[in-house]
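These are the residues of each chain, in order.
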Amino acid sequence: MRYISTRGQAPALNFEDVLLAGLATDGGLYVPENLPRFTQEEIASWAGLPYHELAFNVMRPFVTGSISDADFRSILEETYGVFAHQAVAPLRQLAGNEWVLELFHGPTLAFKDFALQLLGRLLDHFLMKRGERVVIMGATSGDTGSAAIEGCRRCENVDIFILHPHNRVSEVQRRQMTTIMGENIHNIAVEGNFDDCQEMVKDSFADQSFLKGTRLVAVNSINWARIMAQIVYYFHAALQLGGPARSMAFSVPTGNFGDIFAGYLARNMGLPISQLIVATNRNDILHRFMSGNQYDKDTLHPSLSPSMDIMVSSNFERLLFDLHGRNGQLVGKLMAEFKQSGKLSVEAERWTEARRLFDSLAVDDEQTCATIAEVFRDSGELLDPHTAIGVHAARECRRSMSTPMITLGTAHPVKFPEAVIKSGVGQEPALPAHLADLFEREEKYTVLANQLQDVQSFVAAHGNRGKPL
Ligand SMILES: *Cc1c(COP(=O)(O)O)cnc(C)c1O
């Protein structure tokens with residue numbers, strides 16, 4: 001499989017190089033040159049497979065030529081073996097024909113484990129083969145950092161540096177990062193805010209001379225491997241509920257358009273999906289596009305669902321590429337205009353095309369808490385605020401009552417106790433058994449000034465398993 005850039009100017013790469021590349025050299029995002037397509041019979045024959053075997057069937061076409069079937073199988077078995085639930089991604093029924101797909105049984109209790117557990121192992125596999133080491137740098141306001149650290153903790157050939165804003169992430173989220181010990185794991189608490197952290201990471205990618213030739217790798221959701229891994233659970237959910245013989249609808253709590261883009265790809269690969277609902281919080285740039293063809297940058301509004309607090313959605317460009325007949329030049333022009341003006345809209349026919357599949361809703365904090373309370377009262381399930389946004393949007397936007405409606409349960413409620421307490425259900429979520437002692441564990445992190453120089457010197461001094469590069 002070869003991958004091409006959404007802006008059409010960068011060289012096509014194979015899977016291994018895409019995994020290591022992150023952003024394309026023309027500023028675009030990598031997408032498969034040709035999307036694999038499965039027949040209904042083929043998909044139906046996967047019913048009842050363990051998660052890792054289904055994952056092999058779904059993802060195999062994306063990696064052929066880069067990794068042997070045997071190696072890929074064993075990596076997948078190990079990856080999904082670390083999940084705390086036998087079903088890996090169990091479905092829970094909320095109401096008649098309405099379900100939540102629980103994607104929070106991985107090590108860090110959010111769906112990002114599905115991709116980052118795999119990404120860490122794939123990276124190590126390819127780096128071992130090449131005899132190379134890399135440095136990962138990422139900025140986090142919460143979920144991504146812990147999932148990335150958990151995914152890379154056992155990687156022989158990766159040193160990972162995660163920047164978080166000092167004293168500005170929740171205690172659960174901080175501890176999920178800082179209690180993972182390893183000579184290749186480095187938590188940096190920056191005396192600044194999340195944007196400062198992100199800016200430093202961006203600047204480090206732009207000028208990598210401080211790394212003395214070591215390659216820098218990105219693990220944010222623009223990395224193709226993350227999208228790829230997320231396609232699998234759409235197939236998994238549909239197969240549990242009578243797919244592909246019947247269609248499904250999905251509601252997806254969305255920030256960067258990564259998770260829902262994976263659902264869009266699942267549909268284009270042959271899985272019957274009749275509706276995809278984009279569920280946002282107050283940071284609703286995607287809702288404004290889907291409802292009115294206006295993708296306009298707004299200011300950031302902090303919310304009770306912080307993992308979806310974004311101003312622009314980095315993966316949206318991948319959808320734009322398809323909406324424009326995969327014309328990279330057109331997309332490059334659109335994105336250049338967006339960079340200038342902060343505004344983007346597409347031709348009416350293209351927008352109508354998107355609306356055939358997508359609906360959307362923006363859900364505020366009050367509605368989020370009300371949904372947590374309502375679902376708890378009616379079914380006994382305690383939702384995290386992101387999942388609650390998905391459920392609320394599912395109920396408001398549903399096109400058909402006879403089509404199963406599946407909301408992606410993106411995080412465990414214990415990660416976001418503030419929203420749960422505000423909802424007044426009178427119950428605080430408890431840590432699952434494998435994290436029960438989180439508050440007793442030893443923490444390790446380094447506080448650094450809000451100075452690019454200081455951060456880069458730290459990385460250079462510790463980037464080789466704690467030793468200088
Ligand atoms: C990252 C995250 C999201 C948003 O996912 P995108 O792929 O950026 O759309 C939603 N919910 C939770 C809990 C997350 O951690």
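Residues numbered from 1 in each chain as written. Predicted model: local features only at pLDDT ≥ 70, side-chain atom pairs only at ≥ 80, totals over all residues. Heavy atoms only, no water.

A. Main features of the overall build of the protein. Scanning the protein from N- to C-terminus turns up 18 helices and 16 strands. A globule of 469 residues ought to have a C-alpha radius of gyration of about 23 Å, and the protein, at 21 Å, matches this closely. By its C-alpha atoms, the protein is 60 × 50 × 50 Å across when sized along the principal axes. Considering the protein as a whole, with its 469 residues, one finds that 58% of them fall into the buried category. A sequence separation of at least 24 residues applies to 76% of the contacts in the protein between residues at least 6 apart. (Helix = DSSP H or I, 4+ residues; strand = E, 2+ residues; numbered from the N terminus. Rg over C-alpha atoms; globule rule 2.2 N^0.38 Å. Buried < 20%, exposed > 50% of the residue type's maximum accessible area, 1.4 Å probe, protein only. Contact = heavy atoms within 4.5 Å.)

B. Seen up close, the pairing of strand β10 (residues 248–253). The buried fraction of β10 is high, at six of six residues. Of the two faces of β10, the one holding M248, F250 and V252 and the one holding A249, S251 and P253 are both buried throughout. In the sheet, β10 pairs with strand β11 (residues 273–280) via six bridges, with the strands oriented parallel. Following the sheet pairing, V252 is matched in β11 by V278. Handedness of the β-α-β unit built from β10, helix α10 (residues 258–268) and β11 comes out right-handed. Across three bridges, β10 lies against strand β15 (residues 405–409) in parallel orientation. By the bridge assignment for β15, S251 is matched with T407. (Pairing = 2+ DSSP bridges. Right-handed = clockwise from strand over helix to strand, strands pointing away.)

C. Structural context of the pattern of salt bridges. By the definition in use, this model includes 29 salt bridges. Linking R7 and E317 is a salt bridge whose minimum nitrogen-to-oxygen distance equals 2.8 Å. Separated by 310 residues along the polypeptide, R7 in the loop between β1 (2–5) and β2 (13–14) and E317 in helix α12 (residues 316–323) bring together distant segments of the chain. The salt bridge partner of E374 is R395, with a shortest N-O separation of 2.9 Å. (Salt bridge = Lys/Arg side-chain N within 4 Å of Asp/Glu carboxyl O.)

D. Inspection of the sheet that holds β11 at higher detail. Across the sheet, which stays open at both edges, the six strands sit in the order β4-β5-β15-β10-β11-β14 with mixed pairing between neighbours. The open sheet is flanked by β4 (91–95) and β14 (358–362), the only strands paired with a single partner. Ignoring strand direction, the axes of neighbouring strands in this sheet form an average angle of 25°. With four bridges connecting them, β4 and strand β5 (residues 98–102) associate as antiparallel partners. Residue pairing in the sheet places R92 in a bridge with V100 of β5. (Axes fitted to C-alpha atoms, helices over the stretch in contact; angles between N-to-C directions.)

E. Layout of the packing of α12 against helix α13 (residues 328–341). Two elements in contact, α12 and α13, have axes separated by 9 Å at closest approach and are oriented at 135°. In this view, α12 runs oblique relative to α13, as classed from their interaxial angle. Considering only the axes of α12 and α13, their crossing is right-handed. Counting all contacts with α12, which are made through E317, L320 and F321, the residues of α13 involved are G328, V331 and M335. Broken down by class, the residue content of the contact of α12 with α13 amounts to four nonpolar, one polar and one charged. (Parallel < 35°, antiparallel > 145°, perpendicular 65-115°, else oblique. Left-handed = near helix turned anticlockwise from the far one by under 90°. Nonpolar A, V, L, I, M, F, W, Y, C, P; charged D, E, K, R; others polar.)

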